[in-house]
Amino acid sequence: MFERYDPRNYQIDTELLIEVAVTLGGAVLIALALHWLAMAVLRRVARHSINMVDDAMLARVRNPLRWVMLGIAISAAAHGDALVGDQWDAAARFIMPALIGWLLYASVKGISEGLQRQFDAAADPVALRAQRTRLAILARTVNVAVVIITVSLIMLNIPGVRDIGTAMLASAGLAALAVGAAAQPALKSLIGGLQMALTQPLRIGDMVKLDGEVGRVEEIRMSFVTVRTWDERVLVVPTVRFLEGTFENWSRISEKLTGPVFLHLDPATEIAPIRAEFERFVTAHELYDGRNLALLMTEAYPESVELRLAMSAATINDLWTLRCEVREHMLHWLQNNMPGALIRHRLEVEAANARATGG
């Protein structure tokens, strides 16, 4: 019963096996030699180039290119051998699309990394953020398209899947409605991501304020944006929310900002000495960029007045530090030089005083 599984009963054509081994081995060796030669030439060219893209791309495509060349070599060898050709043709329908998709995916990654290195060398931080954002979104879009096309080509070679697809085409109207309804969130995210890359209402590294939370944009994806707040929390916000809602971008054009410090003082306070001390302290501060400096009385109430001390700095972080130091210095100066300007609320209760004195 089990005699047919005995290897001694197998009919093996040794000459045929040797021929197949020589054919495939020769094809593999030729492919590896051509791959080594091509990579050596390309690396030599890349070393003499000032462009950073070619170096990053070569590092990424080295392995997938080797496998693609092996697949092409085996396909070429299979045409001259019927035994190999029948087996390889069946497998190549799945292997070659996957290898080519891998090569394209790696190429996009390499180009993206190379361009990122060039952008990092730029002196303008605003331009850098714009380029990084556009590059990240477009690279992810292309890679998603490569993956979808690759998987589709592989699945179309499966007879069962192809039959199902043919049957679905018979009811194309209903299928289109169903697929459209199911894919609406994904399509909305895809379109939102592309719109974000083209219009750029915010970019990677921008300082934004959303629903009272302030932080820097760390990552922009098709479906969501991550924002890192000052206390190291990460806000995950849908991409479409930045396109459909209102938010503040504090570094859309540049990092230069003007910020206020508010003081609430007694109405009888003399303002001129306070203005002089404020201007003296800020103009001597290393973080002040010399653009905007003003002290204005913005409100006057029966029990207090509001002073707005406005100053500017070259970056958002510098402005925050400058505002904190100005606030601390001005309060300390008022305590030492004009204590009467600080508001004090006192409550006197005659009965309590009488009890305390024993009266």
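Procedures and definitions
- Residues numbered from 1 in each chain as written.
- Predicted model: local features only at pLDDT ≥ 70, side-chain atom pairs only at ≥ 80, totals over all residues.
- Heavy atoms only, no water.
- Phe/Tyr/Trp six-rings, centres within 6.5 Å; stacked < 30°, edge-to-face > 60°.
- Pairing = 2+ DSSP bridges.
- Helix = DSSP H or I, 4+ residues; strand = E, 2+ residues; numbered from the N terminus.
- Expected span 1.5 Å × (residues − 1).
- Contact = heavy atoms within 4.5 Å.
- Patch = residues over 30% accessible without salt bridge, like charges linked within 9 Å, V, L, I, M, F, W, Y side chains within 5 Å.
- Areas by Shrake-Rupley, 256 points an atom, 1.4 Å probe, with all protein chains shown as cover.
- Salt bridge = Lys/Arg side-chain N within 4 Å of Asp/Glu carboxyl O.
- Lys, Arg positive; Asp, Glu negative; His and termini not counted.
- Charge placed at Lys NZ, Arg CZ, Asp CG, Glu CD.

K.L.:
In this structure, what is going on with the packing of aromatic side chains? I would like to understand it.
P.N.:
For any two aromatic rings, the description comes down to two numbers: the centre-to-centre distance and the angle of the planes. One pass over the structure, following the stated rule, counts one aromatic pair. On the numbers, 5.0 Å between centres and 85 degrees between planes, the contact of Phe242 with Phe247 is edge-to-face.

K.L.:
Can you walk me through the sheet that holds strand β1 (residues 207-210) in this structure?
P.N.:
Pairing between the strands of a sheet comes from backbone hydrogen bonds, and it takes one of two forms, parallel or antiparallel. Pairing within the open sheet is antiparallel, and its five strands lie in the order β4-β3-β2-β1-β5. On the outer flanks of this sheet lie β4 (234-238) and β5 (248-249), each paired with one strand and no other.

K.L.:
Could you clarify how one ought to interpret the environment of Gly25 in this entry?
P.N.:
Tracing the sequence through the fold places Gly25 in helix α1 (residues 14-47). Taking the C-alpha atoms as reference, Gly25 lies 9.2 Å from Ile74; in sequence the two are 49 residues apart.

K.L.:
Would you take a moment to explain helix α10 (residues 316-337) for this structure?
P.N.:
Residues separated by three or four positions in an α-helix point in the same direction, a consequence of the helix having 3.6 residues per turn. For α10, with 22 residues, the first-to-last C-alpha span of 31 Å sits near the 32 Å given by 1.5 Å per residue. On its buried face, α10 is in contact with β1, β2 (213-220), β6 (257-265), α9 (271-283), β7 (288-300) and β8 (305-313).

K.L.:
For this particular structure, what's the right way to read a positive patch on the surface?
P.N.:
Judged by side-chain charge, Arg43, Arg44, Arg47 and Arg62 come together as a positively charged surface patch. No other element matches α1, which puts three residues into the positive patch. With respect to the helices, strands and loops of the structure, Arg44 is situated in helix α1.

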